[in-house]
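# Examining the three-dimensional arrangement
Listed below are the residues making up each chain.
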Amino acid sequence: MTQAMKRNLSIGAIIVASIAFGMIITADFGWLRPSSAQPAPPPIQTTQAAVPTMTIPSFADVAARVMPAVVSITTTEIYRSSERRGREVNPFDFFFPDPRRQQGEEEERRQLSGGSGFIISADGYILTNNHVVEGATSIRVQYGEADKVADAKVIGRDPATDIALIKIEVKEQLPTVTLGDSDAIRVGDWAIAIGNPLQFENTLTVGVISAKNRALGISEATSSFENFIQTDAAINFGNSGGPLCNINGDVVGINTAMRAMAQGLGFATPINVARKILPQLREKGRVSRGYLGINVTNISPERRDAFSLPSVRGAFVEAVVAGEPAEKAGLQPGDVITQVDGQAVNSTRDLIDYVSEKGPGAQVRITLLRNGQQRTVTATTKERPASLAPDGESESGPDRPAQNRLGVSVQQITPMLRRQFGLGDDVQGVVITSVREVSPAGEAGLQPGDVITQVNGQPLTSTEQFRRSVEQARSGQYLRLYVTRYTRGGRSQSFFATPKIP
């Protein structure tokens, strides 16, 4: 063998031995640690529940069921030109007066307005708002998918709840709505408003029930019975009288009002209010309610502290109307009514609703708190009036000490002040002549012209007596002022004001 061949064989043996040794040291005998490039272990399984999916419902079924029973109401009112009732005055009437009017002939004018309603019985009874049909000389109802039109007549009206019942005479059976239970709805439930806003017929808007038991002070007639459902379902002019429905399409309210210059503030009368008065509207055309002759208010925390009451539950008696059932039964201003016929009175709404539903001529047992003592009296209700009113002299200068502490100035009642504030000759007490806006008196709602007749339950006869009462009161104490407010029309309203001594 040549020398070259021996050298090549040696090199080949070395190569083979190197490969064999490399295979041995790289084999998986556990001698080498795994690198970071190796696959990671499988993730640990958790037991967290999956997030449930929510499905927003479609309101198409509600629309299909309710819309055929929703009607459009158009009213016509005829009035004479002298009965403008706040309508816009034509400037041409001033520069170019109508000669017929100068001769004593008055021009008749026509006022068109409208709203909505919904059919509650197949023979043509329709619920709507009283303000939609009040004063109308003719009422036209458009109903059905074929845009049929019929004349309607008013069966009954109730200004106190702004509800009216009208009827159309038709031969066919009409579609109707289902009346639900407005007491069962909750804040946050779906709310569906249907009507004819701004003459856009068969409009459906959706929102939620925003609040319950709202009082708005819409009018004097409705002030005692306002108990509105608040919703953000859009309600506009023309929606009045239309239904407010729940997710099932049941009517839970009658769309009644909207808050001007606001968004998402609509209000509906609870349908349970209509349920209670429907029999009377159908049979008598009006509603008879029980009446005691008192002005009541809910108890605020400030009033609770001022009168040392155990809680804010109850109806606080602001004023008692002379000669009415409450006075005859012995009720007094400052009493707190806690029960009526054994049923708890937590707020004024409980008392007003119960007495109203009893009707006139009913006897009611009233449990009350007076000066910390419980008493029971019996009163016989009368029929609530259709219109209720809100219920040797020496001169001295303004009462400056009282003004400095409460922010109110008072004077003895003089003939000049009687004329200035329209006070009768029999009015006694001290009259408020000025009130600082930012003051305890201003925060308590006192106004110039108010007459203070009592302080802490004691009759008030002079400014000196009033001064002493204010000066002797401790800081943080509430003064109990019994106040009578007189209007230019000769009406009066009495109430308690409880300013806090700073």
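None of the values given here were measured: they were computed from a predicted structure.

Okay, the overall build of the protein next. The secondary structure content of the protein amounts to 13 helices and 26 strands. When the 502 residues of the protein are sorted by exposure, 41% land in the buried category. A total of about 28,400 Å² of accessible surface is found on the protein, and carbon and sulfur atoms cover 51% of it.

Moving on, we get to the environment of Arg-418. Of note, Arg-418 is situated in helix H11 (residues 415-421). C-alpha separation for the pair Arg-418 and Gly-449, spaced 31 residues apart in sequence, amounts to 9.2 Å.

In this section: the nonpolar core. Of all hydrophobic cores here, the largest spans 40 residues; its most connected members are Phe-118, Ile-120, Leu-127, Val-141, Ile-166 and Ile-168. Ranked by size, the runner-up nonpolar core spans 22 residues in total, among them Phe-225, Leu-292, Val-355 and Ala-379.

Okay, the pairing of strand S16 (residues 336-340) next. Strand direction decides the pairing type here: strand S15 (residues 315-320) and S16, joined by 2 bridges, are antiparallel. What sits directly across from Ala-315, in S16, is Ile-337. With 4 bridges joining them, S16 and strand S18 (residues 363-370) adopt antiparallel strand pairing. The residue of S18 that forms the bridge with Ile-337 is Leu-368.

Here we take up the layout of surface pockets. Of the pockets and cavities examined, the second largest pocket occupies roughly 530 Å³. As for the second largest pocket, its lining consists of 24 residues, and the residues nearest its centre are Asn-227, Val-273, Lys-276, Asp-353 and Glu-357. Top element by residues in the lining of the second largest pocket is helix H9 (residues 348-358). It accounts for 6 residues. Looking at the lining of the second largest pocket residue by residue, the class counts come to 8 nonpolar, 8 polar and 8 charged.

Of all 6 residues in S15, 5 are buried, a share of seventy percent or more. As judged from the 4 bridges shared by strand S14 (residues 294-297) and S15, these two strands associate in the antiparallel manner. What sits directly across from Ile-294, in S15, is Val-320.

Take the packing of aromatic side chains next. The full count for this structure, using the stated rule, is 6 aromatic pairs. Look at Tyr-482 and Phe-496: their rings are 4.7 Å apart centre to centre, the planes differ by 50°, and that puts the pair in the tilted class. In this pair, Tyr-482 is assigned in strand S25 (residues 481-486) and Phe-496 in strand S26 (residues 492-497), connecting sequence segments 14 residues apart. Overall, the relative accessible area of 9% leaves Tyr-482 in the buried class. The ring centre of Tyr-125 lies 5.2 Å from the NZ or CZ of Lys-167, which sits over that ring. Here the guanidinium or amino end of Arg-289 rests over the ring plane of Phe-225, the centre of that ring lying 4.5 Å away.

Overall, the predicted model of the protein reaches an average pLDDT of 80, with 76% of residues at or above 70. Counting interchain partners and residues more than four positions distant, the pLDDT-below-50 stretch residues 389-401 has 35 contacts.

Now for a nonpolar patch on the surface. Where nonpolar side chains cluster on the molecular surface, the patch consists of Ile-56, Trp-190, Val-206 and Ile-247 and spans about 350 Å² of accessible area. Relative accessible area serves as the criterion here: at 35%, Trp-190 is assigned to the partly exposed category.

Phi angles above zero are rare outside glycine, and Asn-202 is one such case at about 50°. As for its placement among the helices and strands, Asn-202 is situated in the loop between strand S7 (190-195) and strand S8 (203-214). Its relative accessible area of 42% is what places Asn-202 among the partly exposed residues. Despite not being glycine, Ser-308 shows a phi value in the positive range, around 55°. With respect to the element layout, Ser-308 can be found in the loop between helix H7 (301-306) and S15.

Between the first and last C-alpha of helix H6 (residues 271-283) there are 19 Å, a value that for 13 residues agrees with the 18 Å anticipated at 1.5 Å per step. Maximal helix bending in H6 amounts to about 45°, located at Ile-277; proline Pro-279 follows within four positions. Regarding H6, the residues found buried are Ile-271, Asn-272, Ala-274, Ile-277, Leu-278 and Leu-281. At the exit of H6 stands Gly-285, carrying a positive phi of roughly 85°.

Definitions and cut-offs
Here, residues in each chain are numbered from 1, in the same order as that chain's written sequence. Residue-level local features of this predicted model are given only where pLDDT is at least 70; pairs of side-chain atoms are given and counted only at 80 or more, and the full residue set underlies all totals for whole chains, interfaces and linings. As a rule here, side-chain values cover all heavy atoms of the structure and leave hydrogens and water aside. For helices the rule is a DSSP run of H or I covering at least 4 residues; for strands it is a run of E covering at least 2, with both sets numbered from the N terminus onward. Buried residues are those whose accessible area, probed at 1.4 Å on protein chains only, stays under 20% of the maximum for their type, while exposed residues exceed 50% and partly exposed ones sit between those limits. Only the protein chains shown count as cover for residues, with accessible areas throughout obtained via the Shrake-Rupley method and a probe of 1.4 Å. Within this scheme, the nonpolar core is defined by two criteria: the residues are buried Ala, Val, Leu, Ile, Met, Phe, Trp, Tyr or Cys, and they are joined through side-chain atoms within 4.5 Å. In this analysis, strands are considered paired if DSSP registers two or more bridges between them. The way it works is a 1 Å grid over only the protein atoms, where trapped points that fit a 1.4 Å probe form a cavity and open points with protein on both sides within 12 Å along at least five of seven lines form a pocket, and then any residue with an atom within 4 Å of a point lines it. Grid points are joined across faces, edges and corners, and a volume is the space filled by probe spheres set on the points. Nonpolar residues are Ala, Val, Leu, Ile, Met, Phe, Trp, Tyr, Cys and Pro. Charged residues are Asp, Glu, Lys and Arg, and all others, Gly as well, are polar. Note on aromatic contacts: the rings of Phe and Tyr and the six-membered ring of Trp form a pair at centre separations within 6.5 Å, being stacked when their planes are under 30 degrees apart, edge-to-face when over 60 apart, and tilted otherwise. Placement of a charge over a ring requires the Lys NZ or Arg CZ to be within 6 Å of the ring centre, with the centre-to-atom vector within 35 degrees of the ring normal. The quantity known as pLDDT measures the predictor's confidence residue by residue, on a range of 0 to 100. The contact criterion used throughout is that any non-hydrogen atoms of two residues lie within 4.5 Å. Distance thresholds for patches are 9 Å for like charges and 5 Å for nonpolar side chains (Val, Leu, Ile, Met, Phe, Trp, Tyr), applied to residues having over 30% relative accessible area and no salt bridge. One side-chain nitrogen of Lys or Arg within 4 Å of one carboxyl oxygen of Asp or Glu is enough to make a salt bridge. Given the number of residues in a helix, its expected span is that number minus one, multiplied by 1.5 Å. To get the bend at any residue, fit one axis to the seven residues that end at it and another to the seven that begin at it, then take the angle between the two axes.

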